[in-house]
Amino acid sequence: MFNFNNTILSLGDDFYSKEKVVPTKDPKLVMFNDALASQLNIQDKNPEVLVGNTIVDGAAMVALPYAGHQFGTFTMLGDGRAMLLGEHVVDEERFDIQLKGSGRTAFSKVGDGKLPLDAALREFLISEAMHHLNIPTTRSLAIVETPSKIIREEIKPAGVLTRVASSHIRIGSFEYAVRSGEGNLKKFADYTINRHYPEIEDCPEKYFDFISAVVDRQASLVAKWQAVGFIHGVMNSDNVQIAGETIDYGPCAFLDTYHPETVFSSIDTNGRYQFGNQPSIMQWNLTRFAETFIELITVETGLDEEVVTGRLEEILAEYAHLYNAYWFDLMGQKLGFSSIDEHDKELIIDMLGMMIEAEMDYTSTFTALTEGKFDELSGLSETWIETYKERVSGEENAQDLMNAANPYVIPRNHIVEEALFNAWKHDDYDLYNELLAAVRDPFNPDHNEYFMTRPERHVEMGHMTYCGT
Ligand SMILES: Nc1ncnc2c1ncn2[C@@H]1O[C@H](COP(=O)(O)OP(=O)(O)OP(=O)(O)O)[C@@H](O)[C@H]1O
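Residues numbered from 1 in each chain as written. Predicted model: local features only at pLDDT ≥ 70, side-chain atom pairs only at ≥ 80, totals over all residues. Heavy atoms only, no water.

By the naming in an unreviewed UniProt entry, the protein chain is Protein nucleotidyltransferase YdiU, taken from Aliicoccus persicus. In the Function (unreviewed entry) part of its UniProt record, the protein chain is described as follows: "Nucleotidyltransferase involved in the post-translational modification of proteins. It can catalyze the addition of adenosine monophosphate (AMP) or uridine monophosphate (UMP) to a protein, resulting in modifications known as AMPylation and UMPylation." We quote the UniProt Sequence similarities (unreviewed entry) comment for the protein chain here in full: "Belongs to the SELO family." (UniProt positions renumbered as here; feature names shortened; annotations may be inferred.)

So, in structure tokens, the structure goes:
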């Protein structure tokens, strides 16, 4: 059962809007994450609860306000198609349980508050893949299909996704808090520090430390995305969760052929969020985050604004070092290196350059390397291979490192699209379920060959992702 204890309500009504769900007839449970449910000690599979028709004891039923920079432009936002069912506490850990797609809220603007079933299925599948690739992420507990049809590029069934997160606090939540009323930023920052970074609660410079800690978590997160070839697709500041969990699986996809300029999202027409830009876009978002604190820190510390700004700039500059260290470390593991020196860094950069030239598949290049199948790596020069072999021969645990760092299965976009289409259009979940099982066991080579093969180039180019709004 749910064990709700809703601390967010203690912040006062600037921080939430009470909502009522418009009841839906005949909700049907189409996905349920048994492993996650048992971990959270939640047995409730009742679709009436998971769609918001039946309100369980202690439920909050609130939508949260936030703001954000979307494609670089500031906007006031909020949960326009989601409601917080409540904060579920298990073994002293707190999890937001949110219904995404449950209908209109105070923040819906002109939207219908709905989530297309295929968008819910995409989020469920990719968030499971991310979790099993050891990347911090919000999780998906269930999907309920409702009989209502919604209009997007075509008429589609609607779904409600039950999302689980350590919280739904985003950089955008701070961009909202600083504009929402006297004292709100401090109240909200203290709340967030207590919830996500309690170790710095009593530090004398806790807001500087908070920003540093967030910078560190996001640097680590993006390094993990880059190492596995994940493209988030819509890295607006409202899609950066403050504890460093990947959030909002809208137009996301994984790289097939390696190229830093890869874009899948149909809405990213200028390539702002292309694969190779993700590390610097995160720094841009973190800069928006740090900016919100200038006045508060100036008041709290009594330091000159210029001094505060200078300190914040130093913290933000640290991001690049942290990111590089995390990323090189992960790339080193992919090559079987237990530590990295300057020569190793060159080896990694050279390899990626050759992968671009030879249009190599990102995932299977590393699995071929893991298996020592150098004949499949004709895009890499002989000199590179010789240097690499020599370097890796000095590593005792190379094989273990590579086995743990190089997945065989990522949810390749053309197969995801096919699986989603079969499911929402024809109610045929076979491919979806088979792919879901495979992405839950990604480091095992023993899977359907189809899942481990990149698409023909024309197919790859034709498979855009849609935001699903
Ligand atoms: N159909 C809709 N009706 C109302 N609001 C919507 C709808 N689709 C998106 N929004 C709102 O527009 C904003 C941006 O949408 P986006 O697709 O990035 O977020 P989302 O996927 O709905 O939510 P999240 O970031 O929580 O995963 C969000 O505040 C969202 O609530």
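On we go from here.
Here we take up the pattern of salt bridges. Counting across every chain of the model gives 27 salt bridges. The partner of Glu 291 in a salt bridge is Arg 288, with the nearest N and O atoms 2.6 Å apart. Highlighted residues: Glu 291 and Arg 288, both in helix α7 (residues 278-291), separated by three residues, approximately one helical turn. What makes Glu 291 partly exposed here is its relative accessible area of 39%. Glu 342 is the partner of Lys 345 in a salt bridge, and the nearest nitrogen-oxygen pair spans 3.4 Å. A residue pair is termed a helical-turn pair when its members lie 3 or 4 positions apart in one helix, as Lys 345 and Glu 342 do in helix α10 (residues 342-357) at three residues. Each member of the salt-bridge network shares a partner with another, and the members are Glu 87, Arg 94, Asp 96 and Arg 195. (Salt bridge = Lys/Arg side-chain N within 4 Å of Asp/Glu carboxyl O. Helix = DSSP H or I, 4+ residues; strand = E, 2+ residues; numbered from the N terminus. Buried < 20%, exposed > 50% of the residue type's maximum accessible area, 1.4 Å probe, protein only.)

Moving on, we come to the UniProt feature "active site" (unreviewed entry) in the protein chain. The feature "active site" (unreviewed entry), as given by UniProt, occupies Asp 238 in the numbering adopted here. Relative to the helices and strands, Asp 238 is located in the loop between β11 (230-231) and β12 (253-254). Residue Asp 238 is classed as buried on the basis of its relative accessible area of 5%.

Once that is clear, we can look at a negative patch on the surface. A cluster of acidic residues, Glu 182, Glu 295, Asp 304, Glu 305 and Glu 306, forms a negative patch at the surface. With respect to the helices, strands and loops of the structure, Glu 295 is situated in helix α8 (residues 294-301). We classify Glu 295 as exposed; its relative accessible area is 63%. (Patch = residues over 30% accessible without salt bridge, like charges linked within 9 Å, V, L, I, M, F, W, Y side chains within 5 Å. Areas by Shrake-Rupley, 256 points an atom, 1.4 Å probe, with all protein chains shown as cover. Lys, Arg positive; Asp, Glu negative; His and termini not counted. Charge placed at Lys NZ, Arg CZ, Asp CG, Glu CD.)

In the numbering used here, UniProt assigns the feature "binding site: Mg(2+)" (unreviewed entry) to Asn 239 and Asp 248. You can call Asn 239 buried: its relative accessible area is 7%. Ignoring sequence-local partners within four residues, the contact set of Asn 239 consists of Arg 170, His 232, Val 234, Ile 247 and Asp 248. Turning to its location among the elements, Asp 248 is positioned in the loop between β11 and β12. Given the relative accessible area of 19%, Asp 248 is considered buried. Setting aside residues no more than four positions away along its own chain, Asp 248 makes contact with Lys 100, Arg 163, His 232 and Asn 239. (Contact = heavy atoms within 4.5 Å.)

Running from N to C, helix α5 (residues 184-196) and helix α6 (residues 206-228) point in directions that differ by 55 degrees, and their axes come no closer than 11 Å. Regarding the angle of α5 to α6, the classification is oblique. The way α5 lies across α6 gives a crossing that is left-handed. Here Lys 186, Ala 189, Asp 190, Thr 192, Ile 193 and His 196 of α5 come into contact with α6, specifically with Lys 206, Tyr 207, Phe 210 and Arg 217. Looking at side-chain class alone, the contact of α5 with α6 contains four nonpolar, two polar and four charged residues. (Axes fitted to C-alpha atoms, helices over the stretch in contact; angles between N-to-C directions. Parallel < 35°, antiparallel > 145°, perpendicular 65-115°, else oblique. Left-handed = near helix turned anticlockwise from the far one by under 90°. Nonpolar A, V, L, I, M, F, W, Y, C, P; charged D, E, K, R; others polar.)

A negative phi holds for most residues other than glycine; trans holds for most peptide bonds. Although it is not a glycine, Asn 41 adopts a positive phi angle of roughly 60 degrees. One non-glycine residue, Met 61, lies in positive phi territory at about 50 degrees. As for its position among the elements, Met 61 is in the loop between α2 (47-50) and β3 (62-63).

Taken together, 19 residues lie around the ligand, and Gly 78, Gly 80, Arg 81, Lys 100 and Arg 163 are the ones closest in. A distance of 2.7 Å separates an oxygen atom of the ligand from a polar side-chain atom of Lys 100. Between a nitrogen atom of the ligand and a main-chain N or O atom of Lys 114, the distance comes to 3.4 Å. Summarising the interface, the protein chains cover 89% of the accessible area of the ligand, which totals 590 Å² for the free molecule. When residues of the shell around the ligand are traced back to their parent elements, those giving at least two are β4 (65-70) and β5 (73-78). Across the shell around the ligand, the residue classes break down as two nonpolar, eight polar and nine charged. (Near = heavy atom within 4 Å. Polar contact = N/O pair within 3.5 Å; in protein donor to acceptor, adjacent residues only side chain to side chain.)

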